[in-house]
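Reading the structure
Below are the chains, spelled out letter by letter.
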Amino acid sequence: MRTISYALILTVNLMSVSVNLQANASERLLADNPALHSVSTSATAMTAHSANTIEAVLLARSTNTLNSQLALKPSIWFSASGQLSERALGLYAAIELAEKNRIAVDDLRSQLQGTLTLEQFEQAHFSVLEQLIKRFSIGQISQGIDPLWKHPAPLFDLQTVRAEILASSSLFTALADRLPKHADYIALLSAYEKLRSLDAEPPKVVFVDYLKQGDVQPTIAQVRARLSWLGYAATDAVSELAPNLYDQQLAQQVRLFQNDHGLDQDAVIGPDTLRWLNLAADERRTIITTVLERWRWLSRDLGQEYLLVNIPGFEVQYFAESHPVQRYTSISGRPTRPTSSFSARIEQLVVNPDWTVPKRILLRDLVPKILSSSDYLEQQGMQAQRLIAGRWQTVANDSVNWQALTWSDQDIRVQQAPSAHNALGQIKFHMPNAHAIYLHDTPSKSLFSDTSRAFSSGCIRVKGVADLARTLMHEKSTQLEQSLLQTETQWIRLPNPVPVYLVYNRAWVDAKGHLQFRDDIYNADKALSKALKSMLKNSHLAER
């Protein structure tokens, strides 16, 4: 294939009739697809470039005796007459859809716009298609960047998927189907666009002193300005006359803001409230971008009935027929003992469970307490056990040399009997997994009243655990109700195993349509957000 010079391409750019026909075709394709709406501008530009490249080759052939005798070999990307195919137009539209989903695309545009021969043209289009398949299907950043993320990558075979997409009636639709369809993901896309449309950002508020209702301070007017900028109704007739007065209307909006950011709803404006209030729009968009990537890491089919556990959101959602039905307050692992993100299945309920203390908790927590109080184990209803002849047998608590106990001592364990003080509470949801993490009740129910609830040693404690158990049992809850009235341990199999997905989503849109943000309690988003910014830094997608 003869290389086409830039000068020749510039000349052919003047041949606007053919190019405009191609652009119009692209616009029609985009207009017919409601998922895209306003994404046609760049797609049209790419269409024009591709049409120009093909026209340049045709013109070169017409001015070369040898080449003019050769017909243009049709491709899946263009016809023998040089007309761009629907697949090519669909590919350009998919690039714009990627941009809407916060997926880097500048490198893809560069590949397409750097072609000078038909061979390069075809190679670039196939390469871009494969990159879109990967980024839509499994995300653009490797899951390994978050050591706490233990979900398996969505299964797919690139060559098989590529063949299916190329054989589909609509390349664009087939590619779009690779993206998450979960309502939470779609809602975050809309929230991101709203943040992009915000007016110029007001000045940040400097902390001088705590502000509460009734105070009169110049900074209160700045608080009003930033709340209004974020969409809160922070101004009224009173504020117009007294902008520096912390009145009742402002206090109400501050409480709403605090609720939307996981803060104590006391209407007191202190460092924590100002930290979130001063968060710039681009920083908010970065959090959303990171959560969108995490959604692309998850399986597309979560099932009809499942539990979604939001670790930094301290919430468990029950989904039925793929829709959220109930929400439960929860407690997650503390930063020094973080809860991993993974998936499992609840197969059985354990009513009045005993608790075999995990080795790390035994060594780190219990041994120091045992050494400081000789009857600590008895007070907690705990009993030492020793592995003898392949069986765990009860031994006297004072027969164990607790001070010398190490990780290598695999023949000693401690078990807590069922009781009101048992660490697992009255119900444990048995979900076999490699992380020894479960959902369960707790005797320390007062901790649920805190707004930030990273207190556990890794497991998820659930408020209203009996109601959740009844929900999962459906109409077969009679055995559960009888077991709750007794004291011995009973195992109850669910009518159907229920999948559980533990995720690390710091942003979501709640049932009332409010955009929620939460702290990065494990500092788990730092590396991921940095990597995403690096991918997007040269793109107009980059935060600015």
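Our structure is the block above this text.
No experiment lies behind these values; they were computed from the predicted model shown.

Focus on the overall build of the protein
- If you tally the helices and strands in the protein, you get 20 helices and 15 strands.
- Across the 544 residues in the protein, those meeting the buried criterion constitute 51%.
- Excluding contacts between residues fewer than 6 apart, the proportion of contacts in the protein whose partners are at least 24 apart in sequence is 69%.
- Surface exposure of the protein reaches about 25,400 Å², of which carbon and sulfur atoms provide 52%.

Things to note about the sheet that holds strand β7 (residues 391-394)
- Within the open sheet, the four strands sit side by side as β5-β8-β6-β7. Their pairing is antiparallel. Each edge of the open sheet is held by one strand with a lone partner, namely β5 (355-356) and β7.
- Here strand β6 (residues 382-388) runs beside strand β8 (residues 412-416); their pairing, made up of five bridges, is antiparallel. Residue pairing across strands places A384 opposite V414, the latter belonging to β8.

Considerations on the layout of surface pockets
- Space inside the largest pocket adds up to approximately 850 Å³.
- Around the largest pocket, the lining is made up of 37 residues, and of these W355, P358, I361, A423 and L424 lie nearest the centre.
- Of all the secondary-structure elements, those providing two or more residues to the lining of the largest pocket are β5, α16 (359-372) and β11 (454-456).
- Ranked by residues supplied to the lining of the largest pocket, first place goes to α16 with five residues.
- Counted by class, the lining of the largest pocket contains 18 nonpolar, twelve polar and seven charged residues.
- As a volume, the second largest pocket reaches approximately 590 Å³.

Considering empty space enclosed by the protein
- The final tally for this structure, using the stated rule, is one cavity of 30 Å³ or more.
- Estimated volume of the largest cavity: approximately 60 Å³.
- Listing elements by their share of the lining of the largest cavity, those giving two or more residues are β1 (306-310) and β2 (315-320).
- Across the lining of the largest cavity, the residue classes break down as three nonpolar, three polar and two charged.

So, the pattern of salt bridges
- With the rule as written, the count across this model stands at 24 salt bridges.
- Taking the shortest distance from any N to any O, the salt bridge between E193 and R196 comes out at 3.9 Å. On the criterion of helical spacing, the pair formed by E193 and R196 is a turn pair, its members being three residues apart in helix α10 (residues 183-196).
- Salt bridges sharing common partners tie together E96, E99, D106 and R109.

A short note on the nonpolar core
- Core analysis: the largest hydrophobic core is formed by 84 residues, its most contacted members being L132, L175 and I288.
- Here the element with the most residues in this core is helix α5 (residues 86-100); it accounts for nine residues.
- In this view, L132 contacts L91, A94, I95, A98, L108 and L175; residues no more than four positions away in its chain are not counted.
- If you look at the next biggest cluster of nonpolar residues, it comprises 39 residues, including L439, I492, V500 and Y522.

Topic: helix α7 (residues 118-138)
- With 21 residues, α7 ought to run about 30 Å at 1.5 Å a step, and its terminal C-alpha atoms sit 30 Å apart, in line with that.
- When we look at burial in α7, the residues that qualify are L118, F121, A124, H125, V128, L129, L132, I133, R135, F136 and S137.
- G139 sits one or two positions beyond α7 and adopts a positive phi of about 90°.

Here we look at the packing of aromatic side chains
- All told, the structure shown has nine aromatic pairs when counted by the stated rule.
- Considering the side-chain rings of Y306 and Y501, the 5.7 Å spacing of their centres and the 80° angle between planes classify their relative orientation as edge-to-face. Placement of Y306 in strand β1 and of Y501 in strand β13 (residues 490-503) is noted, with a sequence separation of 195 residues between them. When sorted by exposure, Y306 lands in the same class as Y501, which is buried.
- Between Y504 and Y522, the aromatic rings sit 5.7 Å apart at their centres with planes inclined by 25°, giving stacked as the arrangement. In this pair, Y504 is assigned in the loop between β13 and β14 (507-509) and Y522 in the loop between β15 (515-517) and α20 (526-536), connecting sequence segments 18 residues apart.
- Within the aromatic cluster, the residues linked to one another by ring pairs are Y306, F319 and Y501.
- The ring of Y438 has K428 sitting right over it, with the charged end atom 4.2 Å from the ring centre.

Quick word on the pairing of β2
- Burial within β2 is extensive, with five of its six residues counted as buried.
- Hairpin geometry of β1 and β2 is characterised by an intervening segment of four residues between the two adjacent antiparallel strands and by a positive phi of about 50° at F314.
- Taken together, the six bridges between β2 and strand β3 (residues 323-333) define a ladder with antiparallel strand orientation. Residue pairing for β3: V316 is matched across the bridge by Y328.
- The hairpin formed by β2 and β3 contains two residues between the paired strands, and E321 there has a positive phi angle of roughly 55°.

Description of the pairing of β3
- Note that β3 and strand β12 (residues 460-462) share two bridges and pair antiparallel. Pairing of I331 across the sheet is with R461, part of β12.
- Note: β3 against β11, two bridges, orientation parallel. Each residue of the ladder has a partner; that of G333, found in β11, is S456.

Quick look at the environment of S444
- Examined against the element boundaries, S444 turns out to sit in the loop between β10 (439-440) and β11.
- Overall, the relative accessible area of 32% leaves S444 in the partly exposed class.
- Residues S444 and A423 lie 21 residues apart in sequence; the distance between their C-alpha atoms is 8.4 Å.

Topic: the environment of E305
- Looking at the element boundaries, E305 is found in the loop between α15 (281-297) and β1.
- Taking relative accessible area as the criterion, E305 reaches 18% and is therefore assigned buried.
- It is 6.4 Å that separates the C-alpha atoms of E305 and S322, two residues lying 17 residues apart in sequence.
- In this structure the side chain of E305 is engaged in a polar contact, spanning 2.7 Å, whose partner is the side chain of H474.

The rules behind each value
Residues numbered from 1 in each chain as written. Predicted model: local features only at pLDDT ≥ 70, side-chain atom pairs only at ≥ 80, totals over all residues. Heavy atoms only, no water. Helix = DSSP H or I, 4+ residues; strand = E, 2+ residues; numbered from the N terminus. Buried < 20%, exposed > 50% of the residue type's maximum accessible area, 1.4 Å probe, protein only. Contact = heavy atoms within 4.5 Å. Areas by Shrake-Rupley, 256 points an atom, 1.4 Å probe, with all protein chains shown as cover. Pairing = 2+ DSSP bridges. 1 Å grid on protein atoms, 1.4 Å probe; cavity = no way out; pocket = protein on both sides within 12 Å on 5 of 7 lines; lining within 4 Å. Points joined across faces, edges and corners; volume = space filled by probe spheres on them. Nonpolar A, V, L, I, M, F, W, Y, C, P; charged D, E, K, R; others polar. Salt bridge = Lys/Arg side-chain N within 4 Å of Asp/Glu carboxyl O. Core = buried A, V, L, I, M, F, W, Y, C linked by side-chain atoms within 4.5 Å. Expected span 1.5 Å × (residues − 1). Phe/Tyr/Trp six-rings, centres within 6.5 Å; stacked < 30°, edge-to-face > 60°. Lys NZ or Arg CZ within 6 Å of the ring centre and 35° of its normal. Polar contact = N/O pair within 3.5 Å; in protein donor to acceptor, adjacent residues only side chain to side chain.

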